[in-house]
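# Structural overview for review
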Amino acid sequence: MLSGAILGRVTMVITVSLPAFLGRSEAATFRNQLLVALEQKESIAVECAEAGPLPSLWVQLLHSAATSAKARGLSVSLKAASLECRDSLQAIGFDPAHSALVLE
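Everything quoted here is computed from the prediction, not taken from an experiment.

Calculation criteria
- Residues numbered from 1 in each chain as written.
- Predicted model: local features only at pLDDT ≥ 70, side-chain atom pairs only at ≥ 80, totals over all residues.
- Heavy atoms only, no water.
- Buried < 20%, exposed > 50% of the residue type's maximum accessible area, 1.4 Å probe, protein only.
- Helix = DSSP H or I, 4+ residues; strand = E, 2+ residues; numbered from the N terminus.
- Pairing = 2+ DSSP bridges.
- Right-handed = clockwise from strand over helix to strand, strands pointing away.
- Core = buried A, V, L, I, M, F, W, Y, C linked by side-chain atoms within 4.5 Å.
- Contact = heavy atoms within 4.5 Å.
- Arc of directions from axis to C-beta.
- Expected span 1.5 Å × (residues − 1).

## Concerning the pairing of strand β3 (residues 43-47)
With respect to burial, β3 is a largely interior element, 4 of its 5 residues being buried. Sheet topology note: the β3/strand β4 (residues 76-79) ladder contains 4 bridges and is parallel. When the bridges of β4 are listed, A45 appears paired with S77. Once the chain exits β3 it traverses helix α2 (residues 56-71) before rejoining the sheet at β4, and the crossover so formed is right-handed.

And the structure:
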């Protein structure tokens, strides 16, 4: 999907969905997907409409990826975040105004 132009260049956005089970092995696989996208200079949109509460490991993973992406002129965004997903972010003190992670 074409996302738009950043500094005169066209950027691509990779959309990935959170897996149904958010365990450690799934986090490792998801982290690798994020790293590949960032290495290929692609922004990432995470579809989380079906996601329930996010474990703190996943929030940390997403925040870290977003920080790395921002440093590269890219972004990591959560699309259609469920109410449970948003509540779990707030429960650990996530502040969208001070984070590189974008909530859509």
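## Topic: the nonpolar core
By size, the foremost hydrophobic cluster in this structure holds 29 residues, and its most contacted members are L18, F30, I44, V46, L54 and V76. Elements with a contribution of two residues or more to this core: α1 (24-39), β3, α2, β4 and α3 (83-91). Looking at which element gives the most residues to this core, the answer is α2, with 7 residues. Setting aside chain neighbours within four positions, we find L18 in contact with F30, V46, E47, C48, A51, L54 and W58.

## Regarding α3
Taken residue by residue, α3 has C85, S88 and L89 as its buried positions. Each buried residue of α3 lies within a common arc of 100° when the element is viewed along its axis, so the set occupies one face. Pointing more than 90 degrees away from the buried face of α3 are the exposed residues L83, Q90 and A91. Each element contacted by the buried residues of α3 is listed here: α2, β4 and β5 (102-103).

## Observations regarding α2
With 16 residues, α2 should cover 22 Å at 1.5 Å per step; its first-to-last C-alpha distance of 23 Å lies within 8% of that length. If you check which residues of α2 are buried, you get W58, V59, L61, L62, A65, A66 and A69. End-on, the buried residues of α2 take up no more than an arc of 160°, which puts them together on one face. Turned more than 90 degrees away from the buried face of α2, the exposed residues are Q60 and A71. Just past α2, the residue G73 takes up positive phi, approximately 80°.

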